[in-house]
Amino acid sequence: MAKFRALLLLGAIVAAASSISFGADAAQSKTTKPPADSRPLTNEELFKLYNNRSWIWKDGAGYFAVRQRQFSAWTGEKKGSYGLGRWFLTDPGKLCFKAIWYAETGKASALTCFSHRQKGNVIFQKREPDGDWYPFKTMPARRGDEYRNVRPGDYVTARFNRMRTKLSQSQ
């Protein structure tokens, strides 16, 4: 029974993390190979993109705090989950966050990473390991840029706390 619950939880977390797959994905052109003649972003460039910003997803959001590189997130309004962990930069152009995700059925750890490359005035992004490359941020910004959903400030903590309270009452 414990294994079954763990599998259910892992499925819920994967589904929640999949909501990070962006609504912009469908409208953008995608490819499995990095754009020709592109270069990986430096750690400094990546830090500027995410530090003290919230990434608003279709059904949730994640916050990349500078203090202790804390990552916090929530997903799903009804049977949701919340995650708490750390974000870090690794390899040239790669942002990762490792969090323990909590749901009604328990908790599980998950690691999520995104690679970033730039070609000209376009930053491309890919979810690792099996995602497709797509335009993430253009300069000047375009209407469909996913980066428009990465906003300065903390848009996560209030719902994170509500989700944590809700889930603690259901256990």
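Residues numbered from 1 in each chain as written. Predicted model: local features only at pLDDT ≥ 70, side-chain atom pairs only at ≥ 80, totals over all residues. Heavy atoms only, no water.

**Topic: the nonpolar core**
When a protein is soluble and globular, its nonpolar side chains tend to lie buried together. Threshold: Residues belong to a common nonpolar core when they are buried Ala, Val, Leu, Ile, Met, Phe, Trp, Tyr or Cys residues joined through side-chain atoms within 4.5 Å. Using a 1.4 Å probe on the protein chains alone, a residue whose accessible area is under 20% of its type maximum counts as buried, one over 50% counts as exposed, and one in between counts as partly exposed. We count a stretch as a helix when DSSP gives it H or I for four or more residues in a row; a strand needs E for two or more, and each element gets its number in order from the N terminus. Pairs of residues are marked as contacts when any of their non-hydrogen atoms sit within 4.5 Å.
With 22 residues, the main nonpolar core has L49, Y50, W55, F64, F71, W87 and F136 as its most contacted residues. Those elements that provide at least two residues to this core are α2 (43–50), β2 (53–57), β4 (70–75), β5 (81–90), β6 (94–103), β7 (106–119) and β9 (134–138). Element by element, the count of residues in this core is highest for β6, at four residues. Beyond its immediate chain neighbours, meaning those up to four positions away, Y50 contacts W55, F64, W87, L95, H116, Q125 and F136. Formed by nine residues, the second largest nonpolar core is a distinct cluster that contains W74, Y82, F160 and M163.

**Points about helix α3 (residues 157–169)**
What counts, and what does not: One less than the number of residues in a helix, times 1.5 Å, gives the span that helix is expected to have. The arc refers to the directions leading from the helix axis to the C-beta atoms.
For α3, built from 13 residues, the straight-helix expectation of 18 Å at 1.5 Å per residue is met to within 8% by its first-to-last C-alpha distance of 18 Å. Among the residues of α3, those classed as buried are F160, M163 and L167. All buried residues of α3 project into a common sector of 65° when viewed along the axis, lining one side. Exposed side chains of α3 directed beyond 90 degrees from the buried face belong to A158, R162 and Q169. Tucked into the core, α3 has its buried residues touching β4, β5 and β6.

**Some remarks on the environment of L111**
Along the polypeptide, L111 turns up in strand β7. Overall, the relative accessible area of 52% leaves L111 in the exposed class. In the structure, L111 is positioned 15 residues away from C96 in sequence and 7.0 Å away in space, judged by C-alpha atoms. Those residues in contact with L111 that sit more than four places away from it in its chain are F88, C96, F97 and K98.

**Focus on the packing of aromatic side chains**
Condition: The pairing test for Phe, Tyr and Trp rings, Trp by its six-membered ring, is centres within 6.5 Å, and the orientation test on the planes gives stacked under 30 degrees, edge-to-face over 60, and tilted for anything in between. In this analysis the charged atom, NZ for Lys or CZ for Arg, is taken to sit over a ring once it is within 6 Å of the ring centre and within 35 degrees of the ring normal.
Taken as a whole and assessed by the stated rule, the structure comprises 14 aromatic pairs. Note on Y82 and Y102: the rings are 4.9 Å apart at their centroids and 15° apart in plane angle, and the pair reads as stacked. Taken together, the residues span a long stretch of sequence, with Y82 in strand β5 and Y102 in strand β6 at a distance of 20 residues. The exposure class of Y82 is buried, given its relative accessible area of 10%. Grouped by ring-pair contacts, the aromatic residues F47, Y50, W55, F64, F71, W87, F97, F114, F136 and Y147 constitute a single cluster. Its guanidinium or amino end placed over the ring of W87, R69 lies 4.7 Å from that ring's centre, counting from NZ or CZ.

**Describing the state of the cysteines**
One way to say it: the disulfide is the covalent bond shared by the sulfur atoms of two cysteines. Definition in use: Note on terminology: disulfide denotes any pair of cysteine sulfur atoms within 2.5 Å.
Counting across every chain of the model gives one disulfide. Shown here is the disulfide that connects C96 with C113, its sulfur atoms set 2.1 Å apart. Its S-S torsion of approximately 110° makes the covalent link between C96 and C113 right-handed. Here C113 lies in strand β7 and C96 lies in strand β6, a separation of 17 residues in the sequence. Each of the two residues, C96 as well as C113, counts as buried.

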